[in-house]
Amino acid sequence: MFEIEEHRQHIKRFVPGTNVNDFPHCIEVFDGQPELKKRIRVAVLGQTGTGKTSLINTIDRALEGPGTMSEWEGTVRVEDVPISKGITLVDTRGLFTLNSAEGMACVRIIEGMYQHGDIVKWDPEDEAVSDYTQAKKVIEQQRSDGPEIPYVDRIHAVIWVMKATDPRLANNQFVRPLEIPRKWFQMLGIAPVVVITHEASITLQLQRDIIASYAASACGSHPSDVFFISNYAADQDCTNDKTDLIVMRILNSTILAAQRFLNLHPPLVGLTLVTVTTTTLEKLKFRVQPSSTFRELKVNIGRRTGADPSTFALMDPEFDDELVDSEKVLKWGTEFQVTEGFTCSRTPRYWGADPWGPTGHREVEVGQESDEFKFINSLVYSTYEKNSSSKIGCVRGKWPGGLKVRRVIRIQDRLQWESYTNYKNILRERVSGNAAAKPSSRYLSNKPMQTSLLDSSVNEYLLFHGCSSEVLSQLTREGADFRVSNITGMFGAGFYLAENSSKSNWYIPCSRCHLPCRREEEHSRSTTTTTTSTSTATSRASDSYFSTPFEYFTAITDQNQEADYEMRSPTHYCRCAAPEAVECSMLIFRAALGDAHICDAYTAAKYRGTLADPVRKPPTNDATGLSYDSVVAERCDQCDAARQAAVAPERNPKAREIVLYAKHQAYSEYVVVYTRSPEDLPQPSLPQPSFLTKLSTFT
């Protein structure tokens, strides 16, 4: 139909406004790429089982035609799904009882407190919130305590999904449960678009009209913005004009709602032109709001250049005096100078105003009552898998019940951070700033990492790494050195990371005797060898910080290394007294995976290579002809039955591994000092949800 195609092309070409200045509180940079995404973000909300994810798949199919559809439901994370140049749908966790805790979670999604990859949680304290007035006080307090959320990272429109067969809808029982999100929408000026799925179950027009009226009143919408649809099934090979037309009308209403929302906020009119000259005489021109202050201009310059606003000052060249009054409003045509060059990349806000110190390297012990410590502690706890089949990393001859975090030390190293941020910028250009659109990102959306996604533009995650204490010191000071990497690793000469703290615990020997901590049943299998062999094994354990556990404690005493592909019991093992009191240390890295290769069918010839020709880089992407940026090795129990039945060395690892091959692709941010507990550990205290946002907020 001509109408469908016309709508389709209009939606594909849609960009909010004519430029980024249509977003309030933002600037435009004339001589460079704008930092802002030219997209509206549309939250897709609703109860579990209503078909939110199926609706997103149906919308994508209506725009792009038949293709692969995701079959999963029940996501617990916020998932950004770009469907066109100017529209991103935000899939969210399904609601259950529609109590006040779930209503508050909806509000936090709207306010941008949950971003792509974040797990949406129901805060038990929110259950005490009885109405919109209390909810407003709680959210305003959290916004004042946390970092400012950029306007473009918030939600600009809402699609609320309901199910036609839900008896509460026919009985008008949603008005009270949806009070908090509905009044929040009204306060912001958001008019939700309501989509009612399972349309085929409604046979009478009168019943249809009543349901539409009840749905509109519950969500604070207009009945004309209520649509009925039957989503495409995953196994449906073709589309139909009726469903496609409904999708186009849903998106048109959503775009209009977003534009109305944007128009309710002060647009950038009567812009002020400001010219800033750097020490290199490079001129940057900005257009800012009439009410903008010098403080806001410095922040925007920092965003444009990657400089820390605290490292430079704005000078008036006419009077050669620093502009001390940071709250003074800018005037048209004003020209300023920056007294220092932009040599310092932005750092996480919680690193402080002087992150490096005089030496360029700081090691900061994190307070145990801080949200930062609680976040790391909960990350170690939540990613720990008990009853592992590993034969190393044990305590008193048994697999630990948990890892008890004693201290957390944050590493702030200027040279490593500069190198890492520069690599991220290069990687961002390599993937066109849209790593989230890569097939590997969609795979990780279906089977997400257990650790936090920090930056979807480069697929940046927090990941664990285990090694000996000697190697740990080198990594925190110099970073990974691939010149000494172990070429016999399962994926060649790479840098190995893990999503599980339990996986990294395998690699860490006793810090007293520097020998591996084996399971009790493995002790009897150990054999005695010469002192030379013992020395070689211990040395290899210390040096091979890129190895898999199979090679980690393998002693090679001659030039014939064929046995390197087999796991052998170590010559010696830890017999220290009170091993549960021995402190171990593992690292938590920021790692930029970029366009990752998913390995779900391991073969040694492809991924390890031979001793004469070991693998030193990721496989080639057949679609682009370029190498992937990293390798994500899926755990064997997530592979098909044939792969699970395979045996080493033709079998995927028991736990998911992430392998990097570029020197500055990861930054060691935390050293976690812990002890191995023989008993199960209780659930640790959780941080405020806003701390995860701080990990991605830079100053």
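Please read all numbers here as calculations on a predicted model, not as lab measurements.

> Help me out: how do you make sense of the packing of aromatic side chains in this one?
Aromatic ring pairs are described here by two measures, namely the spacing of the ring centres and the angle between the planes. Following the criterion strictly, the structure yields 13 aromatic pairs and no others. On the basis of an interplanar angle of 65 degrees and a centroid distance of 5.9 Å, the ring pair of Tyr132 and Trp184 is categorised as edge-to-face. Of this pair, Tyr132 sits in helix α4 (residues 132-145) while Trp184 sits in helix α6 (residues 179-188), placing them 52 residues apart in sequence. In this structure, Tyr132 and Trp184 share a single accessibility class: buried. Relative to Tyr667, the ring of Trp351 lies with its centre 5.9 Å away and its plane at 40 degrees, an arrangement referred to as tilted. You can see Trp351 sitting in the loop between β12 (335-338) and β13 (361-365) and its partner Tyr667 sitting in strand β22 (residues 666-677), a full 316 residues away along the chain. You'll find Trp351 and Tyr667 in the same group, each marked buried.

> I tried to follow the sheet that holds strand β6 (residues 193-197) on my own but got confused; where do I start?
Pairing between sheet strands relies on hydrogen bonds along the backbone, with the strands arranged either parallel or antiparallel. One open sheet holds the six strands; their spatial order is β3-β4-β2-β5-β6-β7, and the pairing between them is mixed. Strands with a single pairing partner mark the edges of an open sheet, and in this sheet they are β3 (79-82) and β7 (226-228). The sheet shows a mean angle of 25 degrees between the axes of neighbouring strands, taken without regard to direction. Relative to β7, β6 runs parallel, the two being bridged by three bridges. Across the sheet, Val194 pairs through a bridge with Val226, a residue of β7.

> Before we go on, may I ask you to explain the pattern of salt bridges in this structure?
When the charged atoms of two side chains with opposite charge come close together, those side chains can pair. Here the structure, examined in full by the defined rule, presents 23 salt bridges. We note a salt bridge from Lys12 to Glu64, for which the minimum N-O separation is 3.8 Å. In this pair, Lys12 is assigned in helix α1 (residues 2-13) and Glu64 in helix α2 (residues 52-64), connecting sequence segments 52 residues apart. What emerges from the salt-bridge pattern is a single network uniting Lys424, Arg428, Asp455, Glu460, Arg590 and Glu669.

> Please clarify how the side chain of Ser677 should be interpreted in this entry.
Take Ser677: it is sitting in strand β22. Here the side chain of Ser677 touches Glu679 through a polar contact of 2.8 Å, landing on its backbone oxygen. In this structure, Ser677 is in contact with Val395, Pro400, Gly401 and Gly402, ignoring residues within four places of it in sequence.

> What should I look at first to understand α6 in this one?
Note on helix geometry: an α-helix contains 3.6 residues per turn, so any two residues three or four positions apart are oriented the same way. With seven of 10 residues buried, α6 lies mostly within the body of the structure. Along α6, the residues classified as buried are Glu179, Ile180, Pro181, Arg182, Trp184, Phe185 and Leu188. The positive-phi residue at the C-terminal boundary of α6 is Gly189, with phi of around 85 degrees.

> Mind showing me how you'd approach helix α3 (residues 100-110) here?
Counting buried positions over the 11 residues of α3 gives 11, a clear majority of the element. Listing the buried residues of α3 in full gives Ser100, Ala101, Glu102, Gly103, Met104, Ala105, Cys106, Val107, Arg108, Ile109 and Ile110. Elements that come into contact with the buried residues of α3 comprise β2 (40-46), α4, β5 (157-163) and α6. Among the residues of α3, the N-terminal cap falls to Asn99, whose side-chain oxygen and the backbone nitrogen of Ala101 are separated by 3.3 Å. One or two positions beyond α3, positive phi appears at Gly112, with a value near 85 degrees.

> Explain the state of the cysteines here, please?
This structure, assessed with the given rule, holds zero disulfides. Here Cys513 stays unpaired: no disulfide links it, and the sulfur of Cys576, its closest cysteine neighbor, is 3.8 Å away. Residue Cys513 is classed as partly exposed on the basis of its relative accessible area, which comes to 28%. The closest cysteine sulfur to the non-disulfide-bonded Cys574 is located on Cys576, 3.7 Å from its own sulfur.

> How do you make sense of unusual backbone geometry when you look at a structure like this?
Although it is not a glycine, Leu98 adopts a positive phi angle of roughly 60 degrees. By the element assignment, Leu98 lies in the loop between β4 (87-91) and α3. Judged by its relative accessible area of 9%, Leu98 falls in the buried class. The residue His198 is not glycine, and still its phi comes out positive at about 60 degrees. Its location among the elements puts His198 in the loop between β6 and α7 (205-219). According to the relative accessible area criterion, His198 is partly exposed, its value standing at 36%.

> Can you help me understand the environment of Glu127 in this one?
Within the element layout of this structure, Glu127 appears in the loop between α3 and α4. By relative accessible area, which is 53% here, Glu127 ends up exposed. Spatially, the C-alpha atom of Glu127 lies 9.5 Å from that of Gly103, the residues being 24 residues apart in sequence. Leaving out residues up to four positions away in the same chain, Glu127 has contacts with Asn99, Ser100 and Ala101.

> Looking at this structure, how should I read the environment of Glu79?
When you line up the elements, Glu79 lands in strand β3. Spatially, the C-alpha atom of Glu79 lies 5.5 Å from that of Val90, the residues being 11 residues apart in sequence. Excluding its chain neighbours within four sequence positions, the residues that come into contact with Glu79 are Leu89, Val90, Asp91, His116 and Ser445. Side-chain polar atoms of Glu79 contact the side chain of Ser445, separated by 3.4 Å.

> What is the right way to read the nonpolar core from this model?
Where a protein is soluble and globular, its nonpolar side chains tend to be buried together. By size, the foremost hydrophobic cluster in this structure holds 66 residues, and its most contacted members are Phe495, Leu593, Tyr670 and Leu695. Among residues more than four places away in sequence, those in contact with Leu695 are Tyr350, Phe375, Leu454, Leu462, Arg590 and Tyr670.

So, how was this worked out
Residues numbered from 1 in each chain as written. Predicted model: local features only at pLDDT ≥ 70, side-chain atom pairs only at ≥ 80, totals over all residues. Heavy atoms only, no water. Phe/Tyr/Trp six-rings, centres within 6.5 Å; stacked < 30°, edge-to-face > 60°. Helix = DSSP H or I, 4+ residues; strand = E, 2+ residues; numbered from the N terminus. Buried < 20%, exposed > 50% of the residue type's maximum accessible area, 1.4 Å probe, protein only. Pairing = 2+ DSSP bridges. Axes fitted to C-alpha atoms, helices over the stretch in contact; angles between N-to-C directions. Salt bridge = Lys/Arg side-chain N within 4 Å of Asp/Glu carboxyl O. Polar contact = N/O pair within 3.5 Å; in protein donor to acceptor, adjacent residues only side chain to side chain. Contact = heavy atoms within 4.5 Å. Disulfide = S-S within 2.5 Å. Core = buried A, V, L, I, M, F, W, Y, C linked by side-chain atoms within 4.5 Å.

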